[in-house]
Structure formats: structure tokens, C-alpha cells
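Listed below are the residues making up each chain.
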Amino acid sequence: MSAPASAHSGPSPRRQGEPEGLSDAEASLRLAREGPNELPISKPRGIWHLLVEVVSEPMFLLLVACGLLYLVLGDPQEALMLLGFVLVVMTISFVQQRRSERSLQALRELASPRALVLRSGQARRIAGRELVLGDIVLLTEGDRVPADLQLVEATNLAADESMLTGESAPVSKCCRAALAPGESADDALYSGTLVVRGRARGLVLATGARSALGRIGQSLAGIAVQSTPIQQETRRIVQWIAVVGLALAGALALAWWWLIGDGLRGLLAGLTLAMAILPEELPVVLTLFLGLGAWRLAREKVLARSIPAVELLGATTVLCVDKTGTLTLNRMALRRLWSEQALHDGVRHRDQALHDELHELLEYAVLASHRLAFDPMETAIAEAGQRLLADTEHLHADWTLVDDYPLSAQMLAMSRVWQSPEHLADPRQHLIAAKGAPEAIADLCHLDAQACAKIARQVAAMAGEGLRVLGVARARFEGDVLPSQQHDFGFEFLGLLGLEDPLRPDVPRAIADCRAAGIRVVMMTGDHPATAVSVARQAGLEVDRPVITGAELAGLSDEDLRARLTDTHIFCRVQPEHKLRLVQALRAQGEVVAMTGDGVNDAPALKAADIGVAMGARGSDVAREAAALVLLNDDFGSLVTAVRYGRRVFANLRKAIVFVVAVHVPIVGLSILPVLLGWPMLLMPVHILFLQLIIDPACSVVFEAEPLEPDAMLQRPRQPDQRLFDRGLMRRGLWQGLGLLLLLLAVCAAARTWAPAGGQTDDTARALTFMVLVLSNLGLIHANRSWGRSAWRGMSRQFGAIVLATLVLLGCVLCVPVVSRLFVFAQPGPALLLVGIGAAGLSLLWFELVKWALRSRVAPAG
């Protein structure tokens with residue numbers, strides 16, 4: 001019989017005849033030949049390399065060009081402000097790229113723990129990176145495995161491989177030397193896993209990139225991160241408008257020189273048109289919206305590691321969730337106790353006391369477990385004992401452990417021999433508690449076929465609900481010498497325990513919200529099909545469709561997989577490469593995929609998905625670094641909040657772009673039409689600068705702060721290929737802008753007709769036209785704050801601040817003579833001011849009319 005294995009027992013010392021391990025000289029030679037036991041260090045990109053990448057982006061080049069254009073125009077203040085925006089955007093992009101490189105570093109640190117090895121016959125603790133092939137590693141409970149090992153000795157050994165496989169239950173291990181001929185067992189330990197029970201010696205078979213953990217790291221490094229659709233679309237639109245705008249500006253300058261003969265005025269008109277057309281606010285608005293959206297998410301305990309991914313959240317069509325640690329808590333809990341006399345269910349009977357008939361069942365289950373447990377199932381049993389047996393005589397902290405019989409490949413049960421205080425006077429009296437596989441416990445109890453069949457039926461029913469089932473038995477023994485095997489005790493069967501990895505409390509509501517929002521939820525797990533279906537049923541997923549196992553998935557062609565993907569919601573017994581293939585297959589079908597996970601095994605799929613979402617508290621460093629979003633409080637409901645914010649960002653971006661389009665139409669028109677009508681210039685660079693003081697703050701503050709439309713989370717996700725600048729959006733912006741342009745031309749004509757004589761007619765017309773344009777811009781902001789509700793509603797705090805600041809500045813421009821002269825204005829009379837205010841009111845009516853006419857024709861904003 002083996003010696004007791006407890007949390008305090010360390011690796012056994014080297015015995016006579018055992019290998020002495022490598023010598024220091026041989027280990028050094030192998031380390032030099034094979035390299036360190038860590039992932040290949042990707043050469044980090046230097047600061048200058050990153051800066052070159054950032055400044056070579058067309059968006060940033062255009063912003064710099066606009067700043068230089070302002071310098072040529074002699075407006076250094078505007079140039080410095082624009083270049084300041086360039087620095088902000090460059091800084092955000094630079095920091096984001098630097099942070100994205102931490103994933104492999106986290107994987108390297110996880111892969112290289114400290115290791116206790118035999119070197120020249122001596123046990124020695126070294127850095128895990130110094131391990132080489134052929135080293136003998138000593139392990140005990142609580143140790144992280146530093147490399148891939150083959151067991152040469154194992155005592156009651158089990159390992160937690162959930163970070164690699166997604167399987168939450170420990171995996172029992174046994175070395176081949178201890179097996180009888182014909183028997184098989186798992187005799188491998190994998191790098192990065194955790195020893196939760198027993199002790200072992202293992203021979204190093206693979207290190208670094210050649211280990212199981214290293215192969216995951218290599219697949220993670222080989223996945224490229226793509227730009228999001230609206231980043232690509234905005235880049236194309238900005239480039240196209242820039243080319244067209246510069247061409248029109250050149251044409252206007254030539255036309256002015258040809259028709260009027262004033263080359264300098266023509267150049268000024270052309271540059272003013274260029275400033276009016278160039279959409280320098282678009283990339284700034286995009287970056288600010290995404291940055292502010294990420295900041296708002298952070299306040300909801302959702303960290304956006306990839307800021308552009310925020311806008312993709314609203315388009316998410318498929319949510320792939322890992323079961324262990326994502327839908328569940330990644331810890332075992334005692335769900336059910338069953339005996340022939342009583343039943344207790346931890347969910348249905350949560351608020352009820354444990355039946356007296358079940359006290360002994362739980363009492364002996366606790367006695368059959370280690371007091372200081374690393375095994376998750378033993379931890380769950382101990383917690384249940386403290387909770388359900390508190391203030392009873394069934395907890396025995398004062399009992400003395402005499403010996404134990406560990407789990408083995410031949411007997412899937414363990415027994416622990418105890419002596420109670422009242423039997424100290426008679427050391428021959430012993431109490432034995434056993435737990436293990438139900439069939440092994442039934443065998444120990446020597447039950448007849450009828451009793452075994454009854455227990456088997458109950459085990460099948462519990463396993464069908466996704467529970468992991470253990471049997472429990474007790475025995476008494478009187479004697480000086482304990483038997484050599486557990487079979488020699490006279491065990492009495494007490495009952496069954498059902499354990500589960502419990503569902504997170506917020507999951508059913510979150511999944512229901514996802515389905516209401518038109519988001520399909522798919523579960524991927526390494527667990528047994530019965531466990532997967534049980535968890536899916538509790539979570540509210542569809543379970544009426546057949547599941548696909550990893551083995552089936554491996555045998556499917558890409559075409560067959562595409563056919564099965566449409567109606568399959570549960571994938572079980574899947575490996576990391578299967579998850580990666582599923583994510584890539586879904587994306588190939590045009591789905592926008594969000595993938596959640598918390599383990600090392602999830603990292604490649606997290607990075608390959610459009611949006612990777614990692615659990616922050618319980619998740620691995622690798623999962624967090626590979627993901628675009630991290631749920632800092634592990635609240636699965638925060639994912640729905642993130643989707644809501646994603647839809648809000650996209651909807652408000654569309655509103656802001658409609659405003660930008662609409663406001664640029666009259667600015668461009670007022671820059672071109674005076675040439676055709678023979679009027680003096682209406683807009684000059686200083687006027688464009690003033691208007692920018694409204695446009696940029698309005699887009700970045702007012703529209704970004706608008707709440708989501710009330711029914712936005714009850715609509716299906718927008719089409720993945722829906723463009724940000726689509727036909728409906730452009731139609732809305734152009735109609736609003738053209739109506740405003742005609743109104744402004746009418747105001748200008750009226751001012752030129754009714755302005756008092758005296759040589760300032762053109763300056764008065766310019767001032768009145770500019771006043772109506774500024775006031776109409778405020779109306780345009782207000783009308784576009786919501787496309788589903790009327791503008792006749794209250795102001796937001798942000799919009800109120802914009803209105804107040806704009807009116808104050810406009811008053812200064814019109815009423816302060818020094819400023820008026822800079823703007824080439826003459827103050828309109830009271831009658832013309834009333835005309836201007838009335839025209840601004842008419843513009844708001846026009847914006848509302850356009851909203852009403854197009855409400856049923858434009859795609860939803862979110």
C-alpha cells in the first residue's frame with residue numbers, strides 16, 4: 001500500500017537504482033543546442049518603426065496636409081490645433097500597437113515557471129527556461145508543469161488541464177510501468193497545466209515552442225489582425241473626397257482668374273473651397289467616437305484593448321462562447337446528494353436544510369477527501385460539508401488520519417482510514433471513508449446485481465444532466481494491521497454525489513438579451529456531450545439540434561461544415577484547433593464573430609475572431625492579451641452592455657456623418673456659387689475656422705453622448721457589409737444640406753436687396769448669411785440627435801453647452817467692432833436680424849420634414 005498523499009507531502013527522494021538525472025555539463029550542452037524552454041521571442045518593433053507605420057497611414061497624412069495648408073493660408077492657430085489632433089491620434093494608435101504585442105510575452109511567462117529537477121543525483125530548483133530534453137522533473141500538488149513530460153513515477157496523480165482543453169474536471173494520470181499488460185492510461189503531463197493531486201516524476205519530452213503550450217503560442221502569432229470595415233471605408237472616403245476637393249479647388253481658382261481676372265482672389269477662393277471640402281474632421285470624429293466609447297465601456301468594467309473593435313460590437317451576428325470559465329464559474333460545486341432514503345438538490349432545495357438521512361453520506365464524503373485539497377471536486381465537497389453540516393456532530397476536525405489507499409488505474413476509488421478521539425484508547429478501532437467512481441464503490445461494497453443496476457440507473461440519470469457522479473461508502477475495521485487492499489474492508493454503500501461546474505448567475509438573462517437582439521449564440525467546449533447539453537439547457541441555448549463533437553468536426557470537409565454550421569449551436573469535445581477552425585468558418589460565411597474565453601486554449605480563436613472577449617479575473621493572461629475586449633469583473637452580462645455600446649457608437653457615428661455631410665453642402669455651395677453669380681466672396685478662411693469650432697465639438701461631444709434609440713436592442717444586427725457612408729445616409733445629409741443652401745442663398749439675396757446703401761451691402765449680406773448658417777448648424781445638430789423622435793424635445797447637457805458657447809461667440813463676431821472687421825462683417829439692422837432668426841427657424845422645419853420623409857427609407861442607425 002502506498003504512503004498517504006497529502007498536500008504537505010513533497011516529491012519522494014531518489015531511491016537506490018533510480019536515474020540520477022543529467023549532469024550539469026550535459027544540461028548546459030543541451031541548453032545551448034536546443035535553446036531555452038520558452039516561446040521564441042518575437043523581435044519587438046522599435047519605437048521608430050511603429051511611428052513610421054502610424055504616420056504613413058493616409059488618414060494621418062491628410063491631417064498633416066491640412067495643417068500645412070492652414071500654415072500656407074497664414075492661420076498658424078488652426079494649423080497648430082489640427083496638428084495637435086494628429087499627435088493625439090498618433091499617440092492612441094502607437095499605444096494600441098505596443099499593447100497588442102504583450103500576448104506572446106504573457107504566454108512566455110506562463111510557460112516558464114520554476115522547476116524542481118534531478119541534476120547529478122541532487123534535487124535542485126531551477127528556472128523553467130533552463131529545462132532541457134532528458135531532465136527528470138519532480139512534481140507535487142500545486143506545482144505548475146514546466147514542460148511536456150512523460151511520467152516515470154506517479155502516486156495518486158491528477159492534473160488540471162482546463163487551460164489547454166477546456167475540461168474543468170482534473171485528469172487522472174498514471175505511468176505505464178505501473179500498468180498490467182494490455183492496460184492503457186494517460187501518462188503525459190503538459191506544459192502550463194497544474195498538478196492538483198498526488199506527486200510524480202517525469203521525463204522532459206518537449207520544451208518551448210515544441211510543447212503543447214508552445215504550439216498554441218505559434219498559432220496565436222500567425223494570426224493577422226485586420227482593420228475594421230469602417231476604418232477601411234473611412235480611409236477610402238477621405239482619400240476620394242481629398243482628391244475631388246483639391247481638383248475642384250484648383251478649378252475654382254482658375255475659373256475665378258479666367259472670369260474676373262484677379263489671380264490672388266482666385267487663389268484665396270480655391271484655398272477656401274479646399275478647406276470647406278477637405279473632411280479633416282472625419283478621421284478625428286472616428287477616433288474620438290471609438291476612444292470615448294472605449295472609455296464608457298471601461299466605466300462598465302469592460303476593457304477595450306482594441307479600440308476599433310468597439311464599433312464592430314454592434315454588428316456582431318454570432319457569439320461563440322466557451323463553457324468552462326465563461327458560461328460557468330470554472331469551479332466545481334456539489335449539486336446533488338442521493339441515497340435510497342432521500343434526495344437533496346442544490347438548486348431546487350437551495351434554502352432547505354439537508355435531510356438527516358443524507359448527513360452520513362456527506363460526512364463520509366468529507367472524510368474521504370483531503371483536508372487541504374487541491375482537487376476541485378474535493379474542494380467542493382469540503383465547502384458543502386462546512387455549509388450543510390455546520391453545527392452538527394458530522395464534521396470531525398479532531399479525527400486522526402491513520403492511512404489512505406490512493407486512487408489507481410486498477411481501482412478508481414480512494415479510501416482514507418481514520419481514528420476518532422473516543423477510540424484512542426483502543427488503536428485497533430478504525431473508521432474508513434471511501435469515494436470514487438460509482439461502479440468501483442459498488443464493487444467495494446460487494447453489492448448484488450439488482451442493487452448495482454439500481455445505482456447504475458441513477459448514475460445515468462445524473463450524468464444525463466451533466467453532473468459528475470461519485471459514489472461514497474463507509475466501513476469499520478478492528479485490527480492491528482490494515483489490509484493490503486481496499487476490497488478487504490466490509491464497506492456499506494451510502495449514496496451518490498453529483499458535482500457540476502455551476503452556471504454563472506447572469507448568463508441566462510444575458511443570452512436571452514443576445515437572442516432578442518438577433519445574435520446567435522454558439523457554445524464550444526471540451527466537455528462531454530451530456531454535460532454540454534445540460535449547461536446549454538440551463539443557459540437558455542437551443543438544445544433541440546444535434547451536437548457536433550471534435551472528432552466529427554475533424555472529419556468534416558469545409559463544405560460539409562458550412563452546411564452544418566447553420567443549425568448547430570453546441571460543439572463539444574473540441575480542441576483549440578477546432579475552435580479556431582469554427583471561428584474562421586463562421587467568418588468565411590460573412591458572420592461577424594465575437595468569441596469569449598478565459599483559457600490558454602481559447603487564445604488563437606480569440607485573436608482570429610472579429611471581436612475576442614476574455615474574462616479578466618479568472619481568465620489567463622494569454623486570453624486577456626489576445627482578446628479585443630476584457631470583462632474585468634467576469635460578469636457575462638457585461639457582454640450585452642458591450643454590444644449595446646457598440647450599436648450606440650455606430651448609430652451615433654452615422655448621425656455625426658449626416659451632420660458633417662449636411663453642413664459641408666452649404667459651405668461648399670457658398671464657396672462656388674458666388675463665382676457663378678458674380679457676387680463677392682461670402683466665406684473666407686476665418687469663417688471656415690469659426691465653423692470648425694462648431695463642427696468638431698458637435699461631432700465629438702453632442703452626438704457621441706446621445707443615448708441609444710429605445711428599440712435598438714430589439715432589432716437584428718446591421719448587415720456586416722452595411723457601409724457607414726451608405727446611400728440612405730448620403731441622401732439624408734444631401735437633402736438637409738441642399739435645402740439649407742437654397743435658404744442661405746435666398747437670405748443673401750434678400751440682404752443685398754434690403755441692406756441700407758453706403759458701400760457695406762456685401763459685408764452686411766455676408767454677416768447675415770453667416771449668422772443664419774451658424775444658427776442653422778445648431779438646428780441641424782438638434783434635428784439629427786435622434787432619427788426616430790421629433791426635435792421638439794429637451795436639450796442634452798452637452799448640446800446646451802455647445803449652444804451657449806456658440807451664441808456667445810456669434811454675438812462677439814457680430815457686435816464687437818474689432819472682431820467684426822476681422823470677419824469682414826457689417827452689422828445687420830434689426831429687421832434683417834429678425835429675418836435671419838426666422839430663416840433659422842425655417843431651416844429646422846426643413847430638417848424635420850426631411851427626417852419625416854426619409855424615416856421609413858433609411859436603414860436603422862444602429
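Residues numbered from 1 in each chain as written. Predicted model: local features only at pLDDT ≥ 70, side-chain atom pairs only at ≥ 80, totals over all residues. Heavy atoms only, no water.

Asker: An account of the overall build of the protein is requested, with residue identities and associated values reported.
Answerer: Helix and strand content of the protein: 30 helices and 22 strands. For the protein, with 862 residues in total, the buried portion stands at 57%. If you take every contact in the protein between residues at least 6 apart in sequence, the share linking residues at least 24 apart comes to 74%. For the protein, the exposed surface amounts to about 35900 Å²; the carbon and sulfur share of it is 59%. (Helix = DSSP H or I, 4+ residues; strand = E, 2+ residues; numbered from the N terminus. Buried < 20%, exposed > 50% of the residue type's maximum accessible area, 1.4 Å probe, protein only. Contact = heavy atoms within 4.5 Å. Areas by Shrake-Rupley, 256 points an atom, 1.4 Å probe, with all protein chains shown as cover.)

Asker: Requested: an account of a nonpolar patch on the surface, with residues and values cited.
Answerer: Taken together, Trp240, Val244 and Leu248 make up a surface patch of nonpolar side chains, about 300 Å² in accessible area. Here Leu248 shows up in helix 8 (residues 229-260). (Patch = residues over 30% accessible without salt bridge, like charges linked within 9 Å, V, L, I, M, F, W, Y side chains within 5 Å. Salt bridge = Lys/Arg side-chain N within 4 Å of Asp/Glu carboxyl O.)

Asker: Could you give me a rundown of the confidence of the model for the protein, with the residues and numbers involved?
Answerer: For the protein, the average pLDDT comes to 78, and 75% of its residues sit at 70 or higher. The least confident element of the protein is helix 5 (residues 102-111), whose mean pLDDT is 39; the most confident is helix 13 (residues 359-367), at 96. Under a pLDDT of 50 for its full length, residues 1-18 has, in the predicted model, 46 contacts with residues more than four places off or in other chains. The low-confidence segment residues 41-45, where pLDDT is below 50, has nine contacts with residues more than four positions distant or belonging to other chains. (pLDDT = per-residue confidence, 0-100.)

Asker: Tell me what's going on with the sheet that holds strand 18 (residues 548-549), and back it up with residues and numbers.
Answerer: Strand order across the open sheet formed by eight strands is 8-22-21-20-9-17-19-18, with mixed pairing between neighbours. Edge strands, defined here as strands with exactly one partner in the open sheet, are strand 8 (302-304) and strand 18. As paired strands, strand 17 (residues 520-524) and strand 19 (residues 570-572) are joined by two bridges and run parallel to one another. Within strand 19, the position partnered with Met524 by the bridge is Phe571. Strand contacts of helix 18 (residues 529-539): strand 17, strand 18 and strand 19, with the helix running at about 145 degrees to strand 19, the strand carrying the most contacts. (Pairing = 2+ DSSP bridges. Axes fitted to C-alpha atoms, helices over the stretch in contact; angles between N-to-C directions.)

Asker: Describe the pattern of salt bridges, listing the residues and the values that go with them.
Answerer: Counted under the stated rule, the structure contains 24 salt bridges. Residue Lys435 is joined to Glu378 by a salt bridge in which the shortest nitrogen-to-oxygen separation is 2.8 Å. Highlighted residues: Lys435 in strand 14 (residues 429-436) and Glu378 in helix 14 (residues 376-388), separated in sequence by 57 residues. When its relative accessible area of 6% is taken as the criterion, Lys435 is described as buried. Via salt bridges that share partners, Arg335, Arg336, Asp345, Glu465 and Glu500 belong to a single interconnected network.

Asker: Lay out the nonpolar core with the relevant residues and their values.
Answerer: Core analysis: the biggest nonpolar cluster contains 111 residues, and Leu327, Met523, Phe636 and Phe770 have the highest contact counts within it. The element contributing the most residues to this core is helix 24 (residues 637-677), with 18 residues. With near-sequence residues (within four places) excluded, Phe770 lies in contact with Leu683, His687, Phe690, Leu691, Leu810, Phe823 and Phe825. (Core = buried A, V, L, I, M, F, W, Y, C linked by side-chain atoms within 4.5 Å.)

Asker: So what about the environment of Val204? Which residues, and what values?
Answerer: Inspection of the secondary structure puts Val204 in strand 7 (residues 194-206). On the accessibility criterion, Val204 (3% relative accessible area) is buried. Along the chain, Val204 and Leu131 lie 73 residues apart, while their C-alpha atoms are 7.9 Å from each other.

Asker: Account for empty space enclosed by the protein, naming residues and giving values.
Answerer: Gaps left between atoms show up when a probe the size of a water molecule is rolled over them. As enumerated under the stated definition, the model contains seven cavities of 30 Å³ or more in all. Taken as a whole, the largest cavity encloses approximately 90 Å³ of empty space. Lining the largest cavity are 15 residues, with Gly466, Glu500, Asp501, Thr531 and Val535 sitting closest to its centre. Take the lining of the largest cavity: its biggest share by element is four residues, from helix 18. Residues belonging to the lining of the largest cavity are distributed by class as follows: three nonpolar, six polar and six charged. (1 Å grid on protein atoms, 1.4 Å probe; cavity = no way out; pocket = protein on both sides within 12 Å on 5 of 7 lines; lining within 4 Å. Points joined across faces, edges and corners; volume = space filled by probe spheres on them. Nonpolar A, V, L, I, M, F, W, Y, C, P; charged D, E, K, R; others polar.)

Asker: Describe the sheet that holds strand 15 (residues 468-478), with residues and values.
Answerer: Sheet strands associate in pairs through backbone hydrogen bonding, adopting either a parallel or an antiparallel arrangement. Overall, antiparallel pairing links the seven strands, which are arranged 11-10-16-15-14-13-12 in an open sheet. Since the sheet does not close on itself, it has two edges, and those belong to strand 11 (343-345) and strand 12 (400-405), each with one partner. The average undirected angle you get between the axes of adjacent strands in this sheet is 25 degrees. Where strand 12 lies against strand 13 (residues 413-419), five bridges are found, and the strand directions are antiparallel. Counted as the bridge partner of Asp403 is Val417 from strand 13.

Asker: Give me the packing of helix 26 (residues 727-754) against helix 30 (residues 830-854): which residues, what numbers.
Answerer: Where helix 26 meets helix 30, the axes come as close as 10 Å, and the angle between the chain directions of the two elements is 160 degrees. In terms of orientation, helix 26 and helix 30 fall into the roughly antiparallel class. Two packed elements cross with a definite hand, and for helix 26 against helix 30 that hand is right-handed. Residues Arg731, Arg732, Trp735, Gln736, Gly739, Leu740, Leu743, Val747, Ala751 and Trp754 of helix 26 pack against Leu832, Val835, Ala839, Leu842, Ser843, Trp846, Phe847, Val850, Lys851 and Leu854 of helix 30. Its residues assigned to classes, the contact of helix 26 with helix 30 shows 14 nonpolar, three polar and three charged. (Parallel < 35°, antiparallel > 145°, perpendicular 65-115°, else oblique. Left-handed = near helix turned anticlockwise from the far one by under 90°.)

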